[in-house]
Amino acid sequence: KEATHVHYEAIRSAIPAYIPGVTPETSDAIQDFVIRQLQSPQTDFIVDSLAETIGGVFLQARLIEDEIKDFLKKNPNEKFDLRRAKAFSSGLTAFYETNFKRIFPEGTTNKIRNEGDEFMSLVCSAQEPLLGTVIEKIVGEEAFERVKGKLS
């Protein structure tokens, strides 16, 4: 009970800081609303959906964030429905294909493309961003020098 109470107290004390001159009745109503929203099964659904779908892939989260911002800019009076997010269904395939074509343009030998494909697979499966020094050790100095200016 005490662990939960700390959060209620944080909400209660933050309201007057954000809304100077708020009446106690309005503050209580806001607090009740915020707590209801945080306890809502819909909130749990959103968090669970995001966690399950992106599986730790922060680029995926960034694409979803961009999609939400774009939607709200174009539709300021509507709510975004996470279940219909295009970034969920498209995944990162298009993103990686675009970068692959930028780094290995048409005319690149099949050997280099295959090595690039293997390397991109490694990058995509990494659980965290790879440092440039690690990438250089994996692909070799010559290959790294060829593409380092194109890495984002």
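Now for the overall build of the protein. Regarding its fold elements, the protein presents nine helices and zero strands. The order of α-helices and β-strands along the protein, N terminus first, is α-α-α-α-α-α-α-α-α. Residue burial in the protein is summarised as follows: out of 152 residues, 18% are buried. Sequence separation of 24 or more characterises 38% of the internal contacts of the protein that already satisfy a separation of 6 or more. Of the roughly 11800 Å² of accessible surface on the protein, a fraction of 56% belongs to carbon and sulfur atoms.

What follows is about the pattern of salt bridges. On inspection of all chains with the given rule, the structure shows one salt bridge. With a closest N to O distance of 3.2 Å, Lys74 and Asp70 form a salt bridge. Pair noted here: Lys74 and Asp70 are both in helix α4 (residues 58-74), with a separation of four residues, about one helical turn. Judged by its relative accessible area of 38%, Asp70 falls in the partly exposed class.

What follows concerns a nonpolar patch on the surface. A contiguous nonpolar surface patch, about 380 Å² in accessible area, is contributed by Leu122, Leu131, Val134, Ile138 and Val139. The element contributing the most residues to the nonpolar patch is helix α8 (residues 132-139), with three residues. Looking at the element boundaries, Leu122 is found in helix α7 (residues 110-125).

Along the chain, the position of Ser27 falls in helix α2 (residues 24-39). Exposure remark for Ser27: the relative accessible area of 9% places this residue in the buried category.

Next up on the list: the confidence of the model for the protein. Model confidence for the protein is summarised by a mean pLDDT of 75, while 71% of its residues fall at 70 or above. Of all helices and strands in the protein, the one with the weakest mean pLDDT is helix α5 (residues 86-90) (59), whereas α2 scores best (82).

Attention now moves to the side chain of Gln31. Relative to the elements of secondary structure, Gln31 occurs in helix α2. Its relative accessible area of 13% is what places Gln31 among the buried residues. Contacts of Gln31, omitting those with residues within four sequence positions, involve Tyr8, Ile11, Arg12 and Ile15.

Turning our attention to α7. Between its first and last C-alpha, α7 extends 22 Å over 16 residues, near the 22 Å set by a 1.5 Å rise per residue. Turning to α7, its buried residues are Gly116, Phe119 and Met120. With its buried residues spanning 105° around the axis, α7 presents them on a single face. With respect to the buried face of α7, the exposed residues turned more than 90 degrees away are Asn110, Lys111, Glu118 and Ser125.

What counts and what doesn't
Here the residue numbering is sequential within each chain, running from 1 through the sequence in written order. At least 70 in pLDDT is required for a residue's local features to be given in this predicted model, at least 80 for side-chain atom pairs to be given and counted, and no such filter applies to totals for whole chains, interfaces and linings, which use all residues. Note that water and hydrogens are dropped before the side-chain values are worked out from all heavy atoms of the structure. Only DSSP runs of H or I reaching four residues or more are called helices, and only runs of E reaching two or more are called strands; each is numbered from the N terminus. Partly exposed describes any residue whose relative accessible area lies between the buried limit of under 20% and the exposed limit of over 50%, with all areas from a 1.4 Å probe on protein chains only and scaled to the type maximum. Here a residue-residue contact requires only that any non-hydrogen atoms of the pair lie within 4.5 Å. Residue-level accessible areas treat just the shown protein chains as cover; the underlying method is Shrake-Rupley with a 1.4 Å probe. Any Lys or Arg side-chain nitrogen located within 4 Å of an Asp or Glu carboxyl oxygen qualifies as a salt bridge. Patch criteria: residues need more than 30% relative accessible area and no salt bridge. Like-charged residues are merged within 9 Å; nonpolar side chains of Val, Leu, Ile, Met, Phe, Trp and Tyr are merged within 5 Å. The predictor reports its confidence for every residue as pLDDT, a score running from 0 up to 100. One fewer than the residue count of a helix, multiplied by 1.5 Å, yields its expected span. To obtain the arc, one takes the directions from the helix axis to the C-beta atoms.

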